Amino acid sequence: MARHEELPVPTFWSLKAVYGEGLQLEEAERRFDNLNSKFIQVFAQPPDVYARSPGRVNLIGEHIDYEGYSVLPMAIRQDTIVAIRKHDSKEAEKVLKIANVSDKYNRCTYPAEPDQEIDMKHHQWGHYFICGYKAFYEYVKAKGLDVGPPVGLDILVDGTVPTGSGLSSSTAFVCSSTVALMAALGVEVPQKEIAQLTCECEQYIGTQSGGMDQAISIMAKSGFAELIDFNPIRTTDVQLPAGGTFVVAHSLAESLKAVTAASNYNNRVVECRLAAIVLAIKLGMKPQEAISKVKTLSDVEGLCVAFACKNGSSDPVFAVKEFLRKEPYTAVDIEKITEEKLTSIFANSSSSLDVLNAAKQYKLHQRAAHVYSEAKRVHAFKDTVSSNLSEEDKLKKLGDLMNDSHHSCSVLYECSCPELEELVNVCRNNGALGARLTGAGWGGCVVALVKESIDSQFILNLKEQFYQSRIDRGVINNNDLGLYVFASKPSSGAAKFKF
């Protein structure tokens, strides 16, 4: 029997298969009815097919997917739905018309040209669809698939994943767009290949993504978190302990990943690469060999562990402490070790060159220490879930690992912010077994592990102690609070619908 990731994205003729029953199904029925009506209103014809992809919350394993390490997220019920209609090839106008059910987003029009450049200086929400569009045509070209010449497309989008929340609203949009496009053009491929191509396509908007968000959005299974391994992408179901639930709470500080990439997200990617190269050289590799071969910290883990073993340890952080100083490095400091200019090392990556232009210093010790310790915590999390501990002891251990993860993200990786720190403290003071920032950080959400028996009271306490002052100041509307704080069980991944 084929593994889950080897199968194509499933097609359903009923919403119940994805949205279950009760209030969630009723909400989904309203959304799809509204989407269909609005599509006809905007484009004068109904859509051919719908696709949905969910957002995600990462339970543990932050900023390590792009370093080649496993992560442990789960999909949430909030998702993005894309309705699409393929134009007849005889229609003269070859354009992509993209609209949104929310009036907040202007309609976008793009040429039906797979080779078009995305204007990075003028960020538009429609660019995320174009990411998937370009990646799809690159994929079919590489695979030798004939999908005919590009034609016009009508696209309507409805998303419930809060933007800037760290819950992967952009990935949900890119993934649902790509799945919808494949469905409209009659292409079926394994889920793992869609996850890979949607990961790679975020480069078009300047984000050096690691692949976690796309993998869970495409391949999630209802009722399970997933341990996601990379190179190649594969998933392992993780059944979370009974008696616990995860509450997701928005700090109300927006995490603008693509906009702030040069100083935040991509900066950390560059720092990790530099840390890996310097470690490789310090551990005996020639500078030119290190520059050409070493891309991630996982590439030098073996060298670090071998060094640690000679000194009575097996922890790669031992080598980090020995060979990377805690004080920040300047570009000149690093170039003395690498014997090559940083601009030459990163010459093939415009987003990395943007980082070099913005950065004054590089904290290699701290970034490497976080990555190696966080990678260990992911496997400790999974081992705890499958251990013989009591449910109570499992929940306590998982909470401790989440708290340790947050400390590392905050102190070593420096991807927190005052609002996240405040919210984490409020969560812990109200009975959370563990609470940590989730997603890229610098804003966005906290995920807290609480006992299921107190989740309703816990959410009420968050409202009183964190959100009420923001409601009073008009930052958010009281009626929208459910969008910003909610309990979540693991949801299912991408799906196509035909009615």
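Scroll up to find the structure this text is about.
Residues numbered from 1 in each chain as written. Predicted model: local features only at pLDDT ≥ 70, side-chain atom pairs only at ≥ 80, totals over all residues. Heavy atoms only, no water.

### Digging into the overall build of the protein chain
Along its length, the protein chain carries 18 helices and 13 strands. Since a compact globule built from 499 residues should have a radius of gyration of about 23 Å, the 23 Å found for the protein chain is in line with a globular shape. For the protein chain, the spread of C-alpha atoms along the three principal axes comes to 70 × 55 × 55 Å. The long-range fraction of contacts in the protein chain, counting pairs at least 24 apart against all pairs at least 6 apart in sequence, stands at 73%. As displayed, the protein chain offers around 20800 Å² of accessible surface, 49% of which is attributable to carbon and sulfur atoms. (Helix = DSSP H or I, 4+ residues; strand = E, 2+ residues; numbered from the N terminus. Rg over C-alpha atoms; globule rule 2.2 N^0.38 Å. Contact = heavy atoms within 4.5 Å. Areas by Shrake-Rupley, 256 points an atom, 1.4 Å probe, with all protein chains shown as cover.)

### Regarding the packing of aromatic side chains
A complete count under the given rule lists 20 aromatic pairs for this structure. With 6.3 Å between their ring centres and 80° between their planes, Tyr69 and Tyr372 make a pair best called edge-to-face. Of this pair, Tyr69 sits in the loop between β2 (49-60) and β3 (72-86) while Tyr372 sits in helix α14 (residues 364-385); the two residues are 303 residues apart in sequence, bridging distant segments of the chain. Of the residues examined, Tyr372 reaches a relative accessible area of 2% and is grouped as buried. With a centroid separation of 5.0 Å and 80° between ring planes, the pair formed by Phe466 and Tyr467 is classed as edge-to-face. With a relative accessible area of 0%, Phe466 lands in the buried category. Here the aromatic residues Phe12, Tyr19, Phe32, Tyr50, Phe497 and Phe499 are joined through ring pairs into a cluster of three or more. Residue placement shows Arg77 over the ring face of Phe486; its charged tip is 5.6 Å from the ring centre. Over the ring of Tyr329 we find Arg325, and its NZ or CZ is 4.2 Å from the ring centre. (Phe/Tyr/Trp six-rings, centres within 6.5 Å; stacked < 30°, edge-to-face > 60°. Buried < 20%, exposed > 50% of the residue type's maximum accessible area, 1.4 Å probe, protein only. Lys NZ or Arg CZ within 6 Å of the ring centre and 35° of its normal.)

### Structural notes on the sheet that holds β3
Pairing is mixed across the open sheet formed by 7 strands, whose spatial order is β1-β13-β2-β3-β6-β4-β5. Each edge of the open sheet carries a strand with a single partner, namely β1 (11-12) and β5 (108-111). In terms of strand pairing, strand β4 (residues 95-100) meets strand β6 (residues 153-159) through 5 bridges, oriented parallel. Looking at β6, one finds that Leu96 is bridged to Leu153. (Pairing = 2+ DSSP bridges.)

### Description of unusual backbone geometry
With an omega of 5°, the peptide bond running from Asn231 to Pro232 counts as cis. With respect to the secondary-structure elements, Pro232 resides in the loop between β7 (225-229) and β8 (234-238). Phi angles above zero are rare outside glycine, and His63 is one such case at about 60°. Its place among the elements puts His63 in the loop between β2 and β3. Judged by its relative accessible area of 4%, His63 is buried. One non-glycine residue, Glu339, adopts positive backbone phi at about 60°.

### Describing the nonpolar core
Formed by 153 residues in total, the largest nonpolar core has its most connected members in Leu59, Phe129, Leu297, Phe381 and Tyr467. Broken down by element, this core gets its largest block of residues, 12 residues, from helix α7 (residues 265-282). Residues within four places of Tyr467 in sequence aside, it is in contact with Ala249, His250, Leu252, Leu423, Leu462, Ile476, Leu481, Tyr484 and Val485. Of all hydrophobic cores here, the second largest spans 18 residues; its members include Ala28, Leu35, Phe43 and Ala83. (Core = buried A, V, L, I, M, F, W, Y, C linked by side-chain atoms within 4.5 Å.)

### Focus on the packing of helix α3 (residues 127-143) against helix α5 (residues 191-201)
Two numbers describe how α3 lies on α5: the axes approach to 9 Å, and their chain directions differ by 125°. Put simply, α3 runs oblique to α5. Regarding α3 and α5, the two cross each other, and that crossing is right-handed. For the pair α3 and α5, contact is made by Cys131, Gly132, Ala135, Phe136, Tyr139 and Lys143 and by Glu193, Leu197 and Cys201, respectively. (Axes fitted to C-alpha atoms, helices over the stretch in contact; angles between N-to-C directions. Parallel < 35°, antiparallel > 145°, perpendicular 65-115°, else oblique. Left-handed = near helix turned anticlockwise from the far one by under 90°.)

### Examining the sheet that holds strand β12 (residues 485-488)
The strand order across the open sheet formed by 4 strands is β10-β11-β9-β12, and the pairing between neighbours is antiparallel. In the strand order of this sheet, the two ends are held by β10 (434-438) and β12, each with one partner. Neighbour to neighbour, the strand axes of the sheet diverge by 25° on average, direction disregarded. In this structure, strand β9 (residues 244-250) lies alongside strand β11 (residues 445-451), joined through 7 bridges in antiparallel fashion. The residue bridging Phe246 from the neighbouring strand is Leu449, located in β11.

### Some words on α3
The first and last C-alpha atoms of α3 sit 24 Å apart over 17 residues, in line with the 24 Å expected at 1.5 Å per residue. With respect to burial, α3 is a largely interior element, 13 of its 17 residues being buried. In the stretch just after α3, Gly144 is the one whose phi turns positive, near 70°. (Expected span 1.5 Å × (residues − 1).)

### Concerning the side chain of Arg52
Its location among the elements puts Arg52 in strand β2. Note on Arg52: relative accessible area 1%, which makes it buried. A distance of 3.0 Å separates the side chain of Arg52 from the backbone oxygen of Ser492, its partner in a polar contact. (Polar contact = N/O pair within 3.5 Å; in protein donor to acceptor, adjacent residues only side chain to side chain.)

### Here's the deal with the environment of Cys445
With respect to the element layout, Cys445 can be found in strand β11. Here the alpha-carbon distance between Cys445 and Ala253, two residues 192 residues apart in the chain, equals 8.5 Å. Beyond its immediate stretch of four places on either side in the chain, Cys445 contacts Ser165, Leu167, Val248, Ala249, His250, Ser251, Leu420, Arg436, Leu437 and Thr438.

### A look at the environment of Val294
With respect to the helices, strands and loops of the structure, Val294 is situated in the loop between α8 (287-293) and α9 (301-309). Sequence-wise, Val294 and Asp88 are 206 residues apart; in three dimensions their C-alpha atoms are separated by 48 Å. If we skip the residues at most four places from it in the chain, Val294 touches Arg273, Ala276, Ile277, Ala280, Met285, Glu289, Asp299 and Val300.

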